[in-house]
Amino acid sequence: MAKMTVRDLDLKGKTVLMRADFNVPLDANLAITDDTRIRETVPTIKFILEKGAKKLVLMSHLGRPDGKRVDKYSLKPVAQRLEELAGTKVAFLNDCIGEEVKKGVAAASEKIVLLENLRYYAQEEGNDPEFARQLAGLAEVFVNDAFGTAHRAHASTAGVNKYLKSAAGLLLEKEIKYLGDAVADPAKPFMVILGGSKVSDKIGVIDNLLPKCDAIIVGGGMAYTFLKAQGKSIGNSKLEKDKIDLAKSILDKAAAQKKEIVLPVDHVIVDTVDANARTEICGQDIPDGKIAVDIGPKTVELFNQKLSAARTIVWNGPVGIFEMDAFSKGTKALGEFIGSLKAVTIIGGGDTAAAVAKFKLQGKMTHISTGGGASLEFLEGKTLPGIAALSDK
Ligand code: ADP
Ligand code: MG
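Values in this document were obtained by computation on a predicted structure and should not be read as measured data.

## So, the sheet that holds strand β7 (residues 190–194)
Line of reasoning, step 1. Taken in spatial order, the 6 strands of this open sheet run β9-β8-β7-β13-β14-β15, and their pairing is parallel. Edge positions in the sheet fall to β9 (260–262) and β15 (367–368), since each has one partner strand and no second.
Line of reasoning, step 2. Pairing analysis gives 2 bridges linking strand β14 (residues 344–347) to β15, with the strands arranged parallel. Residue Ile 346 lies in a different strand from β15, and its bridge partner there is His 367.
Line of reasoning, step 3. Across the sheet, helix α7 (residues 170–184) is in contact with β7, β13 (312–316), β14 and β15; its angle to β14 comes to roughly 110 degrees.
Line of reasoning, step 4. Along the sheet, helix α8 (residues 199–209) contacts β7, β8 (215–218) and β13; its crossing angle with β7, the most-contacted strand, is approximately 170 degrees.

Okay, structure coming up:
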C-alpha cells in the first residue's frame, strides 16, 4: 500500500518531529568534513516550514556512543552548519527527551529545534516504547527523512510511529519511488549491473532481481567466482571458493529463466594489488599468478552494448578496484555510459555512490541512494521497518 508523504500532511500551525540522518563525519577538532547529509535534508526542512509548520523538531544519531553521553558525538556542530545551509536560526537542545527538552521546544523562538544525539540513550536502538513515547510527545506529527537508518527498527524510525501520524520526507519519498516502485514495476528492458568485492554480499539482490530483470551484468571481484564456476582460469583474482556451487546454481537458474548473465571477456591484470603496479590487459582466461583488478576495454564495449537499449538500470557494485586510479577506468567508463542514456538509472550501495561521486557523474543519474546498507536491503526486496511504519495513504 502507498505510504503517506510529507506532501499529504496538513502542517499549518503544527509542531513537526522529523528524523533526519545527520550522521556526518567529523575530524579531531569536531569540524564537519562532509556536510552532504545535512544539505540533502534542507529541501524537506524548507518544505515543512513553507507549509506553515509552527515548529520543526529535528532528531538524529551521530556515530556510535552506545547509549552513553560522549561529547565527541554531540550534534551541536550540525546545528551550526544547518543554520548556514537552511538560512534560518536553529535552537540546539543538549538532550533529546525529558521535561527540560519539552520546555525547550515550547520556549524556543527559533522555528527549528535540533535535539541532542538519540544514541546517547540505549533505548533508541532498543526501540523502547517509553523512549519513543517521550520523543513523540514533543510534536503532533512525524516525518521520517532518514533513509540510511530505515532498515533498522529503532525508537526514532519505527517506534514514534505508534503515537503520531507518520509520513516520508522528500528524500525518503524519492528512495521509495526509485528503489521500491521503479524496481517492483520497471520499464523494460530492465538491466542490473552487479559488482563489488563478494558474491556473498549480493546473493539477496540476485535472488530478488533475477525474476524481474532482463539480464544481469556482472563485474568486479564477484565476477571471478562466476568465471571459475564456468571453468575459466582466474589466476589469483578474488575467489570465494565456498560460493562456486552457488554461482553455478545462479547461472543455471538464469539459463532456465532465459535471463542472460553477462560476464567480463577481458581484464586489467596485475602481479600485486598496488596503486603503482604495472597493468596489462588479458583475454577471458587469466594467467597463473595474475590478479584481475578491473574489467578490460572489450568488456566495457560488451557491457555498453548490452545496456544501450535499457529503460531501467540498477547499478550496485563497482566493476574494479576504483579507489586506485589505475584500476578505475572500467567503473568510470561504465558510469559515463549509463549516465549518457535516457534510461532511469538507479545507483545503490555506498561504494558505488562514492564511485559516481569520484567521477563527478551525480547529475547524470536519475537516483543515487543515500543509504548504503538500507539500499541493499531494499534491492533484496526486504521490508524496511522505517518504511513499513509510515502511515498508509
Ligand atoms: P557497494 O558498497 O556499492 O555495495 P561493495 O561494497 O559490494 O559495493 O564493493 C565495493 C568494493 O569492491 C570496492 O572497495 C572495490 O575495490 C571492490 N572491488 C571491485 N572490483 C574488485 C576486484 N576486481 N577485486 C577485488 N575487489 C574489487
Ligand atoms: Mg560497500
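Past the structure itself, the notes keep going.
## Things to note about the domain arrangement of the protein
Line of reasoning, step 1. What the domain assignment reports for the protein is domain 1 (6–171) and domain 2 (178–379).
Line of reasoning, step 2. The gap between the C-alpha centroids of domain 1 and domain 2 is 36 Å.
Line of reasoning, step 3. Note on domain 1 versus domain 2: buried area summed over both sides is about 570 Å², and carbon and sulfur give 66% of it.
Line of reasoning, step 4. The interface formed by domain 1 and domain 2 holds 0 residue pairs in polar contact (both at pLDDT 80 or more) in total.
Line of reasoning, step 5. A breakdown of the residues in the side of domain 1 that touches domain 2 according to their chemical character gives 2 nonpolar, 2 polar and 3 charged.

## Things to note about helix α2 (residues 76–86)
Line of reasoning, step 1. Along α2, the residues that are buried comprise Pro 77, Val 78, Ala 79, Leu 82 and Ala 86.
Line of reasoning, step 2. On its buried face, α2 sits against α1 (36–50), β2 (55–59), β3 (90–92) and β4 (112–114).
Line of reasoning, step 3. Gly 87 sits one or two residues past α2 and shows a positive phi near 70 degrees.

## Comments concerning the side chain of Thr 15
Line of reasoning, step 1. By secondary structure assignment, the location of Thr 15 is in strand β1 (residues 15–19).
Line of reasoning, step 2. Accessibility expressed as a relative area gives 9% for Thr 15, which makes it buried.
Line of reasoning, step 3. Residues contacting Thr 15, with those up to four places away along its chain left out, are Lys 54, Lys 55, Val 57, Leu 138, Ala 139, Glu 140 and Val 141.

## Looking at the pattern of salt bridges
Where charged atoms from two side chains of opposite charge come close, those side chains can pair.
Line of reasoning, step 1. Inspection of the entire model under this criterion finds 24 salt bridges.
Line of reasoning, step 2. Of the charged contacts in the structure, one is a salt bridge between Lys 290 and Asp 271, with a shortest N-O distance of 2.9 Å. Taken together, the positions of Lys 290 in the loop between β11 (280–282) and β12 (291–295) and Asp 271 in the loop between β10 (267–270) and β11 put the pair 19 residues apart, joining distant regions of the chain.
Line of reasoning, step 3. The exposure class of Asp 271 is partly exposed, given its relative accessible area of 49%.
Line of reasoning, step 4. Here Lys 358 and Asp 325 are joined by a salt bridge, their closest N and O atoms 2.9 Å apart. Of this pair, Lys 358 sits in helix α13 (residues 350–358) while Asp 325 sits in the loop between β13 and α12 (329–340); the two residues are 33 residues apart in sequence, bridging distant segments of the chain.
Line of reasoning, step 5. Here the residues in one salt-bridge network are Asp 35, Arg 39, Arg 81 and Glu 84, joined through shared partners.

## Re the site of ligand 1
Line of reasoning, step 1. Taken together, 20 residues lie around ligand 1, and Lys 202, Gly 320, Glu 323, Asp 351 and Thr 352 are the ones closest in.
Line of reasoning, step 2. Within the side chain of Glu 323, an N or O atom sits 2.5 Å from an oxygen atom of ligand 1.
Line of reasoning, step 3. Within the complex, the protein chains bury 85% of what would otherwise be the 580 Å² of accessible surface of ligand 1.
Line of reasoning, step 4. Counting residues per element, the ones that place at least two in the shell around ligand 1 are β12 and α13.
Line of reasoning, step 5. If you tally residues by element for the shell around ligand 1, the top one is α13, at 3 residues.
Line of reasoning, step 6. Taken together, the residues that form the shell around ligand 1 break down as 6 nonpolar, 11 polar and 3 charged.

Calculation rules
Residues numbered from 1 in each chain as written. Chains lettered and ligands numbered in written order. Predicted model: local features only at pLDDT ≥ 70, side-chain atom pairs only at ≥ 80, totals over all residues. Heavy atoms only, no water. Pairing = 2+ DSSP bridges. Helix = DSSP H or I, 4+ residues; strand = E, 2+ residues; numbered from the N terminus. Contact = heavy atoms within 4.5 Å. Axes fitted to C-alpha atoms, helices over the stretch in contact; angles between N-to-C directions. Domains from an automatic or database assignment. Buried area = accessible area lost by both parts, 1.4 Å probe. Polar contact = N/O pair within 3.5 Å; in protein donor to acceptor, adjacent residues only side chain to side chain. Nonpolar A, V, L, I, M, F, W, Y, C, P; charged D, E, K, R; others polar. Buried < 20%, exposed > 50% of the residue type's maximum accessible area, 1.4 Å probe, protein only. Salt bridge = Lys/Arg side-chain N within 4 Å of Asp/Glu carboxyl O. Near = heavy atom within 4 Å. Areas by Shrake-Rupley, 256 points an atom, 1.4 Å probe, with all protein chains shown as cover.

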